[in-house]
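Coordinate analysis (summary)
Chain by chain, the residues run as shown.
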Amino acid sequence: MDSRKEEVSLREVTAETVREICRLSDSLAPRQQKMVAPNAVSIAQAHFEENAWFRAIYAGETPVGFVMVYADPKAAKYFLWRLMVAGPHQGKGYGRRAMELVIEHIRSQPNATSLGASYVPVDGGPEGFYKKLGFEPTGEVDHGEVVVRLEF
């Protein structure tokens, strides 16, 4: 089956799937491991942040990544906190489709007018990925990361 035709979905991380989702981080190239926290750290952080919304990214029935958003409807603040696609699954469109699903989800939330994100500005980094999704630089740099925003 052509991997590009597999349906991408966002699913809750459960007790049954958490270890597999955490292991996905091990498949990243060393330089990528420096650009995104391990999924285990993200899941732990999410359990201590009431505004964290996180999901595993699946292609068909195969877990291929992880996404986490800071979502605070009262403050009208929505920010992509983490996005990772496992090494063997990169370049297949799964990250883009997952982001489309995240954007669709955030647009349906109370007071949502934009989705922020940030990235480490390095060669081969995700700048073009975010640009193709419609994110624009805000001019801000936070802890060395370029901040971008998608307005709805």
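Quick summary incoming for the structure in this document. Within each chain, residues carry numbers counting from 1 in the order of the written sequence. Predicted model: local features are reported for residues with pLDDT of at least 70 only, side-chain atom pairs are reported and counted for 80 or more only, and whole-chain, interface and lining totals are derived from all residues. Side-chain numbers here rest on the full set of heavy atoms in the structure, without hydrogens or water.

**Topic: the nonpolar core**
By nonpolar core we mean a set of buried residues, namely Ala, Val, Leu, Ile, Met, Phe, Trp, Tyr and Cys, connected to one another through side-chain atoms within 4.5 Å. Whether a residue is buried, partly exposed or exposed follows from its accessible area with a 1.4 Å probe, protein chains only, as a fraction of its type maximum: under 20%, in between, or over 50%, in that order. Val69, Leu80, Met99, Leu115, Tyr130 and Phe135 are the most contacted members of the largest nonpolar core, which totals 28 residues. Strands here are runs of E lasting at least two residues and helices are runs of H or I lasting at least four, both read from the DSSP assignment and numbered beginning at the N terminus. At 7 residues, the largest contribution of residues to this core is made by helix α4 (residues 94-107). A contact between two residues is defined here by any heavy atoms of the two lying within 4.5 Å. When neighbours within four sequence positions are excluded, Tyr130 is seen to be in contact with Leu80, Leu83, Ala117, Ser118, Tyr119, Phe135 and Val148. Core analysis: the next-biggest nonpolar cluster, separate from the first, contains 15 residues, Ile43, Phe54, Met84 and Ala86 among them.

**A few points about the pairing of strand β5 (residues 114-119)**
Of all the 6 residues making up β5, 6 are buried; the element is thus mostly covered by neighbouring parts of the structure. Following DSSP output, two strands are said to pair if at least two bridges run between them. Both β5 and strand β7 (residues 145-151) contribute to a ladder of 6 bridges, which runs antiparallel. Across the sheet, the residue bridging to Leu115 is Leu150, located in β7.

**As for the side chain of Ser42**
Along the polypeptide, Ser42 turns up in helix α3 (residues 39-46). Judged by its relative accessible area of 1%, Ser42 is buried. In contact with Ser42, not counting residues within four places along its chain, are Ala37, Phe66, Met68 and Arg82.

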